[in-house]
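A look at the structure
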Amino acid sequence: MAPTHVLRCCQRGLAWIPVIFIAMVVCWSYYAYVVELCIFVYLIFFHLSFIMFVWSYWKTIFTKPANPSKEFCLAKAEKERYEKEERPESQQEILWRAATSLPLYTRTGAGAIRYCDRCQVIKPDRCHHCSACDMCVLKMDHHCPWVNNCVGFSNYKFFILFLAYSLLYCLFIAATVLQYFIKFWTNDLQETHSHAKFHVLFLFFVAAMFCISILSLFSYHLWLVGKNRSTIEAFRAPVFRTGSDKNGFSLGFRKNISQVFGDQKKYWLLPVFTSQGDGLTFPTRLVNADVEQPTAALHPDEVTVRPLSESQNRLLSNEQNTNSMVHHVANNPIKSGEFPWNTE
């Protein structure tokens, strides 16, 4: 037990090395630009971009990832039965019964309930287990070593702003230092800046290098925001009852942006939490209501089939199967508590 604990502590300590490296580079860039070059004309905008960059970076690092609530945990009796069962079919029956009152739309690739044996919780939609953080994270995007944190529902907006302001910070430094960089190579650098030759050289190279890498990452995540996808969903499409659909959570460009940045535009550029929802449930264009939730309280005369909009019809990959299901409901009486699409 002791060696394992020591190893885990060492791993946690080593995980801060990328963060410390970035912090040192930022501190050096501040010293080189403000103290060595001391370009007074640019200092106001420099400090503005510097403050926003550090603020958003801080929020991304120290915002705790959001976890599933207690309602997604199995009851004590159900958990004991689940652990005693050896057959996966019997375990799934227990999970299906527990999930009837939960707002779940997504499934595993095999159509089963998504359950984390490590955290012992039923995974909400878009929730995944992070092996580095050893926890289930709501709307997990990825684990970023440069912030030593999991990027998910609680800090995804901060991560986007961190990329934006770091790109702006690097572009500003590269653009304003470029003239001194050229003078350095042409031996035309003034004596007042001659002592800063080393800082001029490396400021430009470091800023340009980070600009290229951050620009590609920032552009990719802007594209993800516009599509309302996480990095995980971009590589592995979420699976609904109708099958996998990479656009299942897309609500249109404007609404997709509001999902991350909120409705009030005045807060979009500030690293304060304004994302919509609670991270446990998300609107989807696939269905108006999940007919599997909950089925026990419904009666035959209460069953209604809602017509789907054109956008929803385009998103349904197996529209023909859905139509045949609706036809079956309309022409065959349904017994109380029993549905033809129930997979239990």
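Analysis parameters
- Residues numbered from 1 in each chain as written.
- Predicted model: local features only at pLDDT ≥ 70, side-chain atom pairs only at ≥ 80, totals over all residues.
- Heavy atoms only, no water.
- 1 Å grid on protein atoms, 1.4 Å probe; cavity = no way out; pocket = protein on both sides within 12 Å on 5 of 7 lines; lining within 4 Å.
- Points joined across faces, edges and corners; volume = space filled by probe spheres on them.
- Helix = DSSP H or I, 4+ residues; strand = E, 2+ residues; numbered from the N terminus.
- Nonpolar A, V, L, I, M, F, W, Y, C, P; charged D, E, K, R; others polar.
- Salt bridge = Lys/Arg side-chain N within 4 Å of Asp/Glu carboxyl O.
- Buried < 20%, exposed > 50% of the residue type's maximum accessible area, 1.4 Å probe, protein only.
- Expected span 1.5 Å × (residues − 1).
- Core = buried A, V, L, I, M, F, W, Y, C linked by side-chain atoms within 4.5 Å.
- Contact = heavy atoms within 4.5 Å.
- Axes fitted to C-alpha atoms, helices over the stretch in contact; angles between N-to-C directions.
- Left-handed = near helix turned anticlockwise from the far one by under 90°.
- Phe/Tyr/Trp six-rings, centres within 6.5 Å; stacked < 30°, edge-to-face > 60°.
- Lys NZ or Arg CZ within 6 Å of the ring centre and 35° of its normal.
- UniProt positions renumbered as here; feature names shortened; annotations may be inferred.
- Pairing = 2+ DSSP bridges.
- Polar contact = N/O pair within 3.5 Å; in protein donor to acceptor, adjacent residues only side chain to side chain.

**Observations regarding the layout of surface pockets**
Counted as a void, the second largest pocket has a volume near 610 Å³. Lining the second largest pocket are 20 residues; nearest its centre among them are Arg12, Ala132, Cys133, His143 and Asn148. Going through the elements one at a time, α1 (2-14) and α3 (43-62) are the ones with two or more residues in the lining of the second largest pocket. Per-element tally for the lining of the second largest pocket: the top contributor is α1, with three residues. Classifying every residue of the lining of the second largest pocket by side-chain character gives nine nonpolar, six polar and five charged.

**Brief notes about the pattern of salt bridges**
The final tally for this structure, using the stated rule, is two salt bridges. The partner of Asp134 in a salt bridge is Arg118, and the shortest N-O contact between them spans 2.8 Å. Of this pair, Asp134 sits in the loop between β4 (128-130) and β5 (135-137) while Arg118 sits in the loop between β2 (115-116) and β3 (121-122), and the two are 16 residues apart along the sequence. Arg118 sits in the exposed class, given a relative accessible area of 58%. One salt bridge connects Arg126 with Glu233, and the closest N-O pair in it is separated by 2.8 Å. Taken together, the residues span a long stretch of sequence, with Arg126 in the loop between β3 and β4 and Glu233 in helix α9 (residues 231-235) at a distance of 107 residues. Judged by relative accessible area, Arg126 falls into the buried class, the value being 3%.

**Here's the deal with helix α8 (residues 197-227)**
For α8, with 31 residues, the first-to-last C-alpha span of 45 Å sits near the 45 Å given by 1.5 Å per residue. Asn228 sits one or two positions beyond α8 and adopts a positive phi of about 55°.

**A closer look at the nonpolar core**
Grouped together as the largest cluster of nonpolar side chains are 49 residues, with contacts concentrated most on Tyr33, Tyr156, Ile173 and Val177. Elements with a contribution of two residues or more to this core: α2 (17-37), α3, α6 (156-185), α8 and α10 (253-261). By residue number, the principal contributor to this core is α6, which donates 17 residues. Residues within four places of Tyr156 in sequence aside, it is in contact with Asp141, Val151, His221, Leu224, Val225 and Val260. Counting 25 residues, the second-largest nonpolar core is a separate cluster that includes Leu74, Trp96, Ala99 and Tyr105.

**Looking at the packing of α6 against α8**
Where α6 meets α8, the closest approach of the two axes is 7 Å, and the angle between their N-to-C directions is 145°. Classified by chirality, the crossing of α8 by α6 is left-handed. Counted by class, the contact of α6 with α8 contains 30 nonpolar, two polar and one charged residues.

**Topic: α3**
Between its first and last C-alpha atoms α3 spans 28 Å; for 20 residues at 1.5 Å apiece the expected length is 28 Å, and the two agree. Within the sequence span of α3, burial applies to Leu43, Phe46, Ser49, Phe50, Met52, Phe53, Ser56, Tyr57, Thr60 and Ile61. Next to the buried residues of α3 lie α2, β7 (149-151) and α6.

**Comments concerning the packing of aromatic side chains**
The tally for this structure, following the rule as stated, stands at 25 aromatic pairs. Between the aromatic rings of Phe53 and Tyr57, the centroid separation amounts to 6.1 Å while the plane-to-plane angle is 15°, which identifies the pairing as stacked. With Phe53 and Tyr57 both in helix α3, this residue pair falls four residues apart, about one helical turn. When sorted by exposure, Phe53 lands in the same class as Tyr57, which is buried. Aromatic pair Phe240 and Phe249: ring centres 5.4 Å apart, planes at 50°, arrangement tilted. Residue Phe240 shares its accessibility class with Phe249, and that shared class is buried. If you follow Arg126 out to its NZ or CZ, it ends over the ring of Phe249, 4.4 Å from the centre. Above the face of the Phe282 ring, Arg126 is positioned so that its terminal group lies 5.0 Å from the ring centre.

**As for the UniProt feature "transmembrane region" (unreviewed entry) in the protein**
Mapped onto the present numbering, the UniProt feature "transmembrane region" (unreviewed entry) falls on residues 12-33, 39-58, 158-182 and 202-226. When the span residues 202-226 is considered, its composition is 100% helix and 0% strand, and the gap between its end C-alpha atoms is 35 Å.

**Considerations on the sheet that holds strand β9 (residues 243-244)**
Overall, antiparallel pairing links the three strands, which are arranged β1-β8-β9 in an open sheet. A single partner strand is all that each edge strand has here, and the edge strands are β1 (106-107) and β9. Where strand β8 (residues 239-240) and β9 come together, two bridges link them in antiparallel fashion. Bridging across to β9, Phe240 finds its partner in Gly243.

**Focus on the side chain of His142**
Relative to the helices and strands, His142 is located in strand β6 (residues 142-144). Only 2.5 Å separates the side chain of His142 from the side chain of Asp141, close enough to count as a polar contact.

**Some thoughts on unusual backbone geometry**
Despite not being glycine, Asp134 shows a phi value in the positive range, around 55°. Phi angles above zero are rare outside glycine, and Asn228 is one such case at about 55°. Along the chain, the position of Asn228 falls in the loop between α8 and α9.

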